[in-house]
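Fold and geometry: a report
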Amino acid sequence: MASAIEDHTAVEKFKGLPPILSKKFNITAIEQDVLKWNKEWEAAIASSTAADVLKEITHFLDDSFFKANDIEFLHENLRSFQDKVAGILRSLFDEGHFDTIWLLLDATEQRRHILEGLKGASVAPTFWGQDCRALCPEVTVSNFLSQGGKGFIDFLTLVLETFESSVKPAFLPNSWWEQASNLPNPWWGQASDVSPRKETSQSTKLVFDVATTNRNLFIAQFVLRSTFSIVHDITNRSEGMKKVLHVMENTEGYIARSLAMAKTTLRDKPLIRCDNCTKTPEDIGQGVRFMVCSVCKTKLNFEVHYCSQSCQKQDWSLHKRACGKKRVSKGLRGTKGDSLWAFDDSNPAAEMIRNSETKNGRGMTSLRDLGVNPCKGKRSPAAERQAEMLEADRDVDYFLFTPSGDTIRFVIDNPGAKMIFRINRGMVMMQTSDTGIEAVGEYMLKIMSGCPGLSRDIILKQLCAEHGADTTKKIVRLEQKTRERGKGTFIESWLKDSSSIFGDWAWLGLL
Ligand SMILES: [Zn+2]
Ligand SMILES: [Zn+2]
């Protein structure tokens, strides 16, 4: 039986279709300005419903356009493409470094690869070309760049899971899109510009299926082309990839991974919050535009934000004392006035600093406040003594003891090393994880073994008494690894490698 697809009439008809959605949304041509093109698409997607989109599509075709085996053909076509993409994704993930490399890339590079994927998918053979973007609200640059790029990795993981979980064409779940699956379309009867219709839900069933198939085809094309763009840069050691490849080739895998993970928790710019109600524009939504105090802006070039006039009024009794005279905001979490704005709430270092901040009832002071948190397990008596001494003298990073009973204060000057040391020390003292002691021990051994009254054995003996008999074994294992690498200790390498990704940590010293 001949069908619309097999005898090519459908394909021919599609060729004759004018751009529908890109025209409706008045999208800038991709070759003219790709960033503008993307920005306009993201705004259009955010302001549409699936019903709007489907309605536009059905202006040009209805279910009578398709026969049952057309749908079958489209499904098979989608599935075979998904098999190909799943195979590629699987090998990328199994190879092991792909996600780390991606996360270590800076945001400009990440954006470029996503745009390459979107551009490629827009010219790929689907029914609607770039208009398919309107069917894929999750495929946006802003989604994929979230959390330092983790958004993209999470998406690829979901795609791979979905593709591998079925032998049938896989439809990526999306509640926004699914709302259009069985529309009791209130607009249907009023759509006078649409030629005679049959029953409401019936008349969009096949069109919805075809649109869903194309939505998924667009997604698979995007995945293929964006990952290809990344792999191409890796193989060719392109300019934007060099720094990351250098880190990958010169550090232990676990260091590169911990850097990549650290990056997923850093903000790339401060948040804007209303200085009165503390809400962000995202909290309020609907494209709200915040206002700034104009006096502070003109006189001090300083921005104090408000979500509304009423919030500005409410805050006036507080703000008026400094307004126009001093650069004062409340320094709300994540805003420019918060010295830890780059760290979101999931970052353990920032949380430790913040916790000590509230405990002491004063503003952000220094790294010395990165103290020893309460223990979540049970410490040995020796570790308990160490914790008490550290709490009592916050300037000290660790107390070492000579056999004759003298106490030696171990104090780190480098702010970055101090931070990493104290984060690891915190993990050891809280006993929330099995790691931390290696890095702490290795670093102290290197710096303090030659100190009068101390030796490698003396320090190791103390650490074993505090943190368990297998402590020496753990430290030696780490030392072997770092020796093979022929570079400094774990903490030193972490600092060095992180500075090529995050810049140096000197700002920590200003805290
Ligand atoms: Zn407000
Ligand atoms: Zn002001």
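For the structure, check the block above.
Throughout what follows, the structure given in this document is the object of discussion. None of the values given here were measured: they were computed from a predicted structure. (Residues numbered from 1 in each chain as written. Chains lettered and ligands numbered in written order. Predicted model: local features only at pLDDT ≥ 70, side-chain atom pairs only at ≥ 80, totals over all residues. Heavy atoms only, no water.)

Here we come to the overall build of the protein. Looking only at helices and strands, the protein has 23 helices and four strands in total. Relative to all contacts within the protein whose residues are 6 or more apart in sequence, the contacts with residues 24 or more apart total 69%. Summed over all atoms, the accessible surface of the protein reaches about 25,300 Å², with 54% contributed by carbon and sulfur. (Helix = DSSP H or I, 4+ residues; strand = E, 2+ residues; numbered from the N terminus. Contact = heavy atoms within 4.5 Å. Areas by Shrake-Rupley, 256 points an atom, 1.4 Å probe, with all protein chains shown as cover.)

Before going further, it helps to examine the packing of aromatic side chains. Evaluated as defined, the whole model comprises 14 aromatic pairs. Aromatic pair F93 and F98: ring centres 6.5 Å apart, planes at 90°, arrangement edge-to-face. F98 matches F93 in its accessibility class, with the two residues each being buried. Members of the aromatic cluster, joined through ring pairs, are W102, F144, F152, F155 and F222. Cation over ring: R133 sits above W37, and NZ or CZ is 4.9 Å from the ring centre. Sitting over the ring of F401, R385 keeps its end group 4.3 Å from the ring centre. (Phe/Tyr/Trp six-rings, centres within 6.5 Å; stacked < 30°, edge-to-face > 60°. Buried < 20%, exposed > 50% of the residue type's maximum accessible area, 1.4 Å probe, protein only. Lys NZ or Arg CZ within 6 Å of the ring centre and 35° of its normal.)

Apart from glycine, the bulk of residues carry a negative phi angle, and the bulk of peptide bonds sit in the trans form. The phi angle at Q147 is positive, at roughly 50°, despite the residue not being glycine. Inspection of the secondary structure puts Q147 in helix α8 (residues 141-164). Positive phi, normally seen in glycine, also occurs at N301, with a value near 50°. Take N301: it is sitting in the loop between α14 (294-300) and β2 (305-306). Assessed through its relative accessible area of 52%, N301 is described here as exposed.

Once that is clear, we can look at the coordination of the zinc ion (ligand 1). Around the zinc ion (ligand 1), the donor atoms from the protein are C274 (SG), C277 (SG), C307 (SG) and C311 (SG), and they sit 2.3 Å away. Taken together, the four donor atoms coordinating the zinc ion (ligand 1) and their angles of 105 to 115° define a geometry best described as tetrahedral. Counting the intervening residues between successive donors of the zinc ion (ligand 1) yields the motif C-x2-C-x29-C-x3-C. (Donors = N, O, S within 2.8 Å, 3.2 Å for Na, K, Ca; no water. Tetrahedral: all angles 85-135°; square planar, octahedral: opposite > 155°, others 65-115°.)

Turning our attention to the packing of helix α5 (residues 68-95) against α8. One can describe the packing of α5 onto α8 by two numbers: an axis separation of 9 Å at closest approach and a directional angle of 125°. Taken together, the axes of α5 and α8 lie oblique to each other. In this structure, α5 meets α8 at a crossing whose hand is left-handed. Across from R79, Q82, V85, A86, L89, R90 and F93 in α5, the residues of α8 making contact are I153, L156, T157, V159, L160, F163 and E164. (Axes fitted to C-alpha atoms, helices over the stretch in contact; angles between N-to-C directions. Parallel < 35°, antiparallel > 145°, perpendicular 65-115°, else oblique. Left-handed = near helix turned anticlockwise from the far one by under 90°.)

Let us look at the pairing of strand β4 (residues 407-410). Only one face of β4 is covered, namely the one carrying I408 and F410; the face carrying T407 and R409 has none of its residues buried. Adjacent in sequence and paired antiparallel, strand β3 (residues 398-401) and β4 are bridged by five residues, among which G405 carries a positive phi angle near 95°. (Pairing = 2+ DSSP bridges.)

With that out of the way, let us pick up the environment of I20. Structurally, I20 can be placed in the loop between α1 (9-15) and α2 (21-24). According to the relative accessible area criterion, I20 is buried, its value standing at 6%. Spatially, the C-alpha atoms of I20 and E56 are 7.0 Å apart, while their sequence positions differ by 36 residues. Dropping the residues within four chain positions of it, I20 is found in contact with E56, I57, F60, W128 and D131.

To continue, consider the coordination of the zinc ion (ligand 2). Protein-derived ligands of the zinc ion (ligand 2) are C293 (SG), C296 (SG), H319 (NE2) and C323 (SG), with the metal-ligand distances lying across 2.0 to 2.5 Å. For the zinc ion (ligand 2), the four donor atoms in the first shell make angles of 100 to 119° at the metal, a pattern classed as tetrahedral. All donor residues of the zinc ion (ligand 2) come from one chain, and their arrangement in sequence is C-x2-C-x22-H-x3-C. Of this pair, C296 sits in helix α14 while C323 is found in the loop between α15 (309-319) and α16 (348-360), placing the two residues 27 residues apart along the sequence. Exposure remark for C296: the relative accessible area of 0% places this residue in the buried category.

Before going further, it helps to spend a moment on the pairing of β3. On β3, burial covers both faces: Y398 and L400 on one face and F399 and F401 on the other are all buried. Relative to β4, β3 runs antiparallel, the two sharing four bridges. Paired with F399 across the two strands is R409, which belongs to β4.

The next thing to look at is a positive patch on the surface. The grouping of R257, K473, R477 and K481 at the surface amounts to a positive patch. Looking at which element gives the most residues to the positive patch, the answer is helix α21 (residues 471-485), with three residues. You can see K473 is positioned in helix α21. Given a relative accessible area of 56%, K473 falls into the exposed group. (Patch = residues over 30% accessible without salt bridge, like charges linked within 9 Å, V, L, I, M, F, W, Y side chains within 5 Å. Salt bridge = Lys/Arg side-chain N within 4 Å of Asp/Glu carboxyl O. Lys, Arg positive; Asp, Glu negative; His and termini not counted. Charge placed at Lys NZ, Arg CZ, Asp CG, Glu CD.)

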